[in-house]
Amino acid sequence: MEPVQPRTSWTFVTNHARILARISRDPEIRLRDLAESCRLTERAAQAIVTDLESAGYLTRMRHGRRNHYEVTPGTRFRHPAEGHREVGDLLHLLVDSARLPGEGSRP
């Protein structure tokens, strides 16, 4: 009997959630670093940031030559099954789970 190989064609967390969580952790992150940390191309990361901005989940402001992102508080999930929940609840889970032991929490 052959060992069962794990299925890797899907994940529980979408790229949109990963991008939003990464921005939540570091609002000054460069797009290049954002893409790399989420294992996406810069073009894909830019498209997702545009999606999130257009849908009202984040705002992007220019500070000199850099972007500063801000996650919009109180936004809710888009799907009706989770529409009563705030996206911030998921972000707290994702951001907190990504911290290293002993690393302080961010306000």
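Before any of the text, the structure's been laid out above.
Residues numbered from 1 in each chain as written. Predicted model: local features only at pLDDT ≥ 70, side-chain atom pairs only at ≥ 80, totals over all residues. Heavy atoms only, no water.

**Student:** Looking at this structure, I do not really get the overall build of the protein. What am I missing?
**Tutor:** Counting its regular elements, the protein contains four helices and two strands. N-terminal to C-terminal, the α/β element order of the protein is α-α-α-β-β-α. Burial status across the protein gives 22% buried among its 107 residues. Taking as baseline every contact in the protein between residues at least 6 positions apart, the subset at least 24 positions apart corresponds to 40%. For the protein, the exposed surface amounts to about 8100 Å²; the carbon and sulfur share of it is 53%. (Helix = DSSP H or I, 4+ residues; strand = E, 2+ residues; numbered from the N terminus. Buried < 20%, exposed > 50% of the residue type's maximum accessible area, 1.4 Å probe, protein only. Contact = heavy atoms within 4.5 Å. Areas by Shrake-Rupley, 256 points an atom, 1.4 Å probe, with all protein chains shown as cover.)

**Student:** Just checking my understanding: could you explain helix α3 (residues 42–54) for this structure?
**Tutor:** Spanning 13 residues, α3 covers 18 Å between terminal C-alpha atoms, matching the ideal 18 Å at 1.5 Å per step. For α3, every residue scored as buried is listed here: Ala45, Ile48, Val49 and Leu52. Take α3 and look down its axis: the buried residues cluster within an arc of 100°, on one side only. Exposed side chains of α3 directed beyond 90 degrees from the buried face belong to Arg43 and Ser54. (Expected span 1.5 Å × (residues − 1). Arc of directions from axis to C-beta.)

**Student:** What's the story with the nonpolar core in this structure? I'm lost.
**Tutor:** Soluble, globular proteins show a tendency: their nonpolar side chains are buried together. Ile19, Leu20, Ile23, Leu34, Val49, Leu52 and Leu58 are the most contacted members of the largest nonpolar core, which has 20 residues in total. At the level of secondary structure, the elements contributing two or more residues to this core comprise α1 (15–25), α2 (31–37), α3 and α4 (87–98). No other element matches α1, which puts five residues into this core. The contact partners of leucine 52, leaving out residues within four places of it in the chain, are His16, Ile19, Leu20, Tyr57 and Leu58. (Core = buried A, V, L, I, M, F, W, Y, C linked by side-chain atoms within 4.5 Å.)

**Student:** Just to check I follow, could you spell out the environment of leucine 90 for this structure?
**Tutor:** Examined against the element boundaries, leucine 90 turns out to sit in helix α4. The exposure class assigned to leucine 90 is partly exposed, which follows from its relative accessible area of 25%. Between the C-alpha atom of leucine 90 and that of phenylalanine 77, which follows or precedes it by 13 residues, the distance is 9.7 Å. Discounting chain neighbours no more than four positions away, the residues touching leucine 90 are Ala17 and Phe77.

**Student:** Any chance you could explain the pairing of strand β1 (residues 58–63) here in plain terms?
**Tutor:** As a general feature of sheets, a regular strand has side chains that alternate between the two faces. Bridge analysis of β1 against strand β2 (residues 66–71) gives six bridges, and the strand direction is antiparallel. Of the residues in β2, the one forming a bridge with leucine 58 is valine 71. Adjacent in sequence and paired antiparallel, β1 and β2 are bridged by two residues, among which glycine 64 carries a positive phi angle near 65°. (Pairing = 2+ DSSP bridges.)

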